[in-house]
Each structure stands twice: as C-alpha cells, then as structure tokens.
Amino acid sequence: MVENAVNRKEIKAHAGFHENFVRSACDVVVGGGSVSVGKTFAAVLACGELMMDGNFRGVCLRNNIDDLRAGGGMLDTFSEVYGRNVKIVKSDNPRVEFIPTGSVVEVTHVADQTREKVEQRFKGRQLDWVYFDEGTGFTWETFVTIATRNRGKTGKSPQILI
C-alpha cells in the first residue's frame with residue numbers, strides 16, 4: 001500500500017504470486033504457499049474489480065467459521081484493503097457489502113460436508129466468485145457441489161479460487 005498525494009491508499013498486487021493469482025483468467029485458480037505469503041490478501045484483491053458490478057455475489061468459505069471471524073482473518077483483510085468502501089457485517093451471517101454498488105461477498109463456513117447438507121445450503125445460489133480458504137479443509141464432493149453454484153449474473157465468467 002502506498003499513500004498518494006491526496007491521502008488515498010493505492011493497493012495493488014505484488015509482482016509474482018499476487019499478480020498471477022489476481023489477474024488469472026482461468027475458471028479455477030489454485031494458489032498455494034507458506035504462511036504469510038499473502039494468499040488471503042490476494043483473494044480479497046481478486047474480487048475488487050468484480051465488486052464494481054452491483055449484481056456481483058461472491059462467497060469466501062472456510063471449514064471453521066471462527067477462523068474467518070478471528071482478528072487478522074478474512075473480514076479484517078477486506079476492511080484493510082477496501083476501507084470506507086465496504087461495510088463489514090460481523091454476525092451469525094458475516095458478509096462484506098461494497099457500499100458504492102451494493103455487491104456482496106458472504107463470509108461463511110461449511111463444517112458439515114455431507115452431500116445433503118451442502119446441497120441444501122447452497123441450493124438456488126448464483127455466485128460469480130467462490131474462494132475456498134484453506135482448500136485442503138474441503139472434500140472433493142463439497143468442492144464439486146459448490147462449484148455448480150458458480151453461475152452468477154454479472155455477465156463475466158464465474159471464477160473459483162482455492
């Protein structure tokens with residue numbers, strides 16, 4: 001982040017992993033690395049342009065909801081990156097609302113990964129963007145079931161990040 005002359009933060013992906021992860025045109029993008037590489041930061045950046053469309057709906061998933069709500073977690077990263085442009089809702093159904101457009105990114109968990117529960121929970125969803133945080137915490141069946149909901153209304157090709 002760099003402060004410019006009018007006290008705005010310029011946030012951009014770092015060359016290498018961040019830039020490749022954020023700018024990928026692939027339908028499914030898998031990024032990995034050690035602790036503190038910035039995988040969550042890259043995922044939050046990746047949905048930035050998409051959030052400019054008021055029809056955009058995304059979801060960030062984790063196996064354990066407490067990991068998403070924890071200090072320094074996904075919600076804090078959205079707040080750090082987008083500042084006053086987002087409303088962070090910390091509740092039983094946490095989400096990020098992009099104030100200028102009304103687009104929404106849900107921040108949730110999938111603790112019960114039985115096929116029936118996953119299908120019931122995601123039935124009828126139309127998502128433009130799905131991020132599986134800590135992808136190793138999800139079964140293949142859960143991934144495939146949620147991937148079928150990746151059919152949003154923005155007119156852009158839906159994307160899954162892991």
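Starting from 1, residues in each chain are numbered consecutively following that chain's sequence as written. Local features in a predicted model are, by the rule used here, given only for residues with pLDDT of at least 70; side-chain atom pairs are given and counted only at 80 or more, and totals for whole chains, interfaces and linings are based on all residues. Processing note: side-chain calculations cover all non-hydrogen atoms of the structure and skip hydrogens and water entirely.

(A) Region of the structure containing the environment of W129. Take W129: it is sitting in strand β8 (residues 129–132). As a C-alpha pair, W129 and K156 span 27 residues in sequence and 10.0 Å in three-dimensional space. Per the convention used, a helix needs a DSSP run of H or I reaching at least four residues, while a strand needs a run of E reaching at least two, with both numbered from the N terminus.

(B) Representation of the sheet that holds strand β3 (residues 28–29). Strand pairing requires that DSSP identify at least two bridges connecting the strands. In spatial order, the strands read β3-β9-β8-β4-β7-β6-β5; together these 7 strands make up an open sheet with mixed pairing. Looking along the sheet, the strands with just one partner apiece sit at the ends: β3 and β5 (86–89). Across 4 bridges, the pairing between β5 and strand β6 (residues 95–98) is antiparallel. By the bridge assignment, I88 is partnered in β6 with V96. Should any heavy atoms of two residues lie within 4.5 Å, those residues are counted as being in contact. Here, axes are lines fitted to C-alpha atoms. For helices the fit covers the stretch in contact, and angles between N-to-C directions go from 0 to 180 degrees. The strands touched by helix α6 (residues 140–147) are β3, β4 (57–62), β8 and β9 (159–161); relative to β8, the strand with the most contacts, the crossing angle is about 165°.

(C) Broad picture of the pairing of β4. The classification of residues rests on relative accessible area computed with a 1.4 Å probe and restricted to protein chains. Under 20% of the type maximum is buried, over 50% is exposed, and intermediate values are partly exposed. Of all the 6 residues making up β4, 5 are buried; the element is thus mostly covered by neighbouring parts of the structure. Where β4 lies against strand β7 (residues 104–109), 6 bridges are found, and the strand directions are parallel. Across the sheet, R57 pairs through a bridge with V104, a residue of β7. As judged from the 4 bridges shared by β4 and β8, these two strands associate in the parallel manner. Bridge pairing in β8 places C60 opposite Y131.

(D) Quick look at the pattern of salt bridges. A pairing counts as a salt bridge when a side-chain nitrogen of Lys or Arg comes within 4 Å of a carboxyl oxygen of Asp or Glu. Scanning the entire structure with this criterion turns up 6 salt bridges. R62 is paired through a salt bridge with D133; the nearest N and O atoms lie 3.0 Å apart. Residue R62 is found in strand β4, and its partner D133 is found in the loop between β8 and α6; the two are separated by 71 residues along the sequence. What makes D133 buried here is its relative accessible area of 6%.

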